[in-house]
Amino acid sequence: MPTLIVTTHPDSDSLTHHLAQRLAQELRSTAGSTSVEVADLAAEGFDPRYTLADRHTYRVGGDFTPDVAAEQGRLDRATDLVLVFPVYWWSAPALLKGWFDRVFVNGWAFGLDADGGIVRKLDRLRVHLVPIAGDDAGVYDRHGYEQAMRTQLEHGIVDFCGARRGVTAYVHDSEGEDADARTRAVEAAVAAVVEAIRA
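Here we summarise the structure given alongside this text. (Residues numbered from 1 in each chain as written. Predicted model: local features only at pLDDT ≥ 70, side-chain atom pairs only at ≥ 80, totals over all residues. Heavy atoms only, no water.)

**Quick notes on the pattern of salt bridges**
- The final tally for this structure, using the stated rule, is 16 salt bridges.
- Residue Glu187 pairs with Arg22 through a salt bridge whose shortest N-O separation is 3.0 Å. In this pair, Glu187 is assigned in helix 8 (residues 179-198) and Arg22 in helix 1 (residues 15-30), connecting sequence segments 165 residues apart.
- Judged by relative accessible area, which is 32%, Glu187 ranks as partly exposed.
- For Glu154, the salt bridge identified is with Arg150, shortest N-O distance 2.9 Å. Taken together, the residues span about one helical turn, with Glu154 and Arg150 both in helix 7 (residues 145-159) at a distance of four residues.
- On the accessibility criterion, Arg150 (24% relative accessible area) is partly exposed.
- Each of the salt bridges in this network shares a partner with another, and the network as a whole consists of Glu37, Glu44, Glu71, Arg74 and Arg77. (Salt bridge = Lys/Arg side-chain N within 4 Å of Asp/Glu carboxyl O. Helix = DSSP H or I, 4+ residues; strand = E, 2+ residues; numbered from the N terminus. Buried < 20%, exposed > 50% of the residue type's maximum accessible area, 1.4 Å probe, protein only.)

**Some details on the packing of helix 1 against helix 8**
- Relative orientation of the contacting elements helix 1 and helix 8 amounts to 40 degrees, with a least axis distance of 10 Å. The angle between helix 1 and helix 8 places the two elements in the oblique class. The interaxial crossing formed by helix 1 with helix 8 has right-handed handedness. The segment helix 1 lies against helix 8, with Leu15, His18, Leu19, Arg22, Leu23, Glu26, Leu27 and Thr30 engaging Arg182, Val186, Glu187, Ala189, Val190, Val193, Val194, Ile197 and Arg198. (Axes fitted to C-alpha atoms, helices over the stretch in contact; angles between N-to-C directions. Parallel < 35°, antiparallel > 145°, perpendicular 65-115°, else oblique. Left-handed = near helix turned anticlockwise from the far one by under 90°. Contact = heavy atoms within 4.5 Å.)

**Some thoughts on the nonpolar core**
- Ranked by internal contacts, the top residues of the largest apolar core, which has 36 residues, are Val6, Leu75, Leu81, Leu83, Trp99 and Phe104.
- When sequence neighbours within four positions are dropped, the list of residues in contact with Phe104 reads Leu75, Leu81, Trp99, Ala109, Phe110, Leu122, Ile157 and Cys161.
- Core analysis: the second largest hydrophobic core is formed by 20 residues, Leu27, Val36, Ile132 and Ala169 among them. (Core = buried A, V, L, I, M, F, W, Y, C linked by side-chain atoms within 4.5 Å.)

**Regarding the sheet that holds strand 7 (residues 164-168)**
- One open sheet accounts for five strands, arranged 2-1-3-6-7; its pairing is parallel. On the outer flanks of this sheet lie strand 2 (36-40) and strand 7, each paired with one strand and no other. Across the sheet, the axes of successive neighbouring strands diverge by a mean angle of 20 degrees, strand direction being ignored.
- The sheet contact formed by strand 1 (residues 3-7) and strand 3 (residues 80-86) spans five bridges and is parallel. When the bridges of strand 3 are listed, Leu4 appears paired with Leu81.
- Where helix 1 meets the sheet, it contacts strand 1, strand 2, strand 3 and strand 6 (126-132), and its direction lies at approximately 170 degrees from that of strand 1. (Pairing = 2+ DSSP bridges.)

**Description of a negative patch on the surface**
- Among the surface-exposed residues, Asp135, Asp136, Asp173, Glu175, Asp178 and Asp180 lie close enough to one another that they form a single negatively charged patch.
- Along the polypeptide, Asp180 turns up in helix 8. (Patch = residues over 30% accessible without salt bridge, like charges linked within 9 Å, V, L, I, M, F, W, Y side chains within 5 Å. Areas by Shrake-Rupley, 256 points an atom, 1.4 Å probe, with all protein chains shown as cover. Lys, Arg positive; Asp, Glu negative; His and termini not counted. Charge placed at Lys NZ, Arg CZ, Asp CG, Glu CD.)

**Quick notes on the side chain of Ser174**
- Looking at where Ser174 falls in the secondary structure, it is placed in the loop between strand 7 and helix 8.
- Setting aside residues up to four positions removed in sequence, Ser174 forms contacts with Leu15, Ile132, Ala133, Gly134 and Arg182.

**Details of the pairing of strand 1**
- The buried count for strand 1 comes to five of five residues, which makes it a mostly enclosed element.
- As defined by bridge partners, strand 1 adjoins strand 2 across five bridges and the pair is classed as parallel. Bridge pairing links Thr7 to Asp40 in strand 2.

**Side note on the packing of aromatic side chains**
- If you walk through the whole model with that rule in mind, you get nine aromatic pairs.
- Ring centres of Tyr140 and Tyr145 lie 5.8 Å apart, and the angle between their planes is 80 degrees; this geometry places the pair in the edge-to-face category. For the pair shown, Tyr140 and Tyr145 are each scored as buried.
- An aromatic cluster is present here, built from Trp90, Tyr140, Tyr145 and Tyr170 joined pairwise through their rings.
- Lying over the aromatic face of Phe160, Arg120 brings its terminal NZ or CZ to 5.4 Å of the ring centre. (Phe/Tyr/Trp six-rings, centres within 6.5 Å; stacked < 30°, edge-to-face > 60°. Lys NZ or Arg CZ within 6 Å of the ring centre and 35° of its normal.)

**A word on the environment of Ala42**
- When you line up the elements, Ala42 lands in helix 2 (residues 41-44).
- Put simply, Ala42 and Val158 are 116 residues apart on the chain and 22 Å apart in space, counted from C-alpha to C-alpha.
- In this structure Ala42 touches Thr7, His9, Pro10 and Leu95, once residues within four positions along its chain are discounted.

Here it is, written out as structure tokens:
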């Protein structure tokens, strides 16, 4: 299955980038002819700012700017999308949010029928989430952070556009002192995503 891995972190030495590269390596070695592309939105300089041109695109359901059309083209070639990102303030980073705002738009990710109902257009795409969290799983559970993120991303974006939910594999306590535990968490997340893509 052609897979697009999207990562958003400004530091190329980050755990986020390490995990994305590890996942790409594992997919390439275990999935045979599966094509894998890694999109590093920070390194590529993707502009997350929603502009008047984006507002125009939303209103007319087309007329995409070249950078948005390029992102949509990458997604059109994929059957699986894996989002690997650090958790900032209990949510996705602004760069990833802006990517959603500008790319998953009217006329491509969804549309309107003659009666004004939503037409969901991404049923061919399966979306997997790999949030890299600084706190442990207990904090996320006690405060409902994981459920809040699942609601925002899985329901609010994936479901709305008609894509299929894949696996969500958190890497908790990413800034903890236990390097072995962090390595195990990364390997568990990679294994979960690879298994879901190969299923």
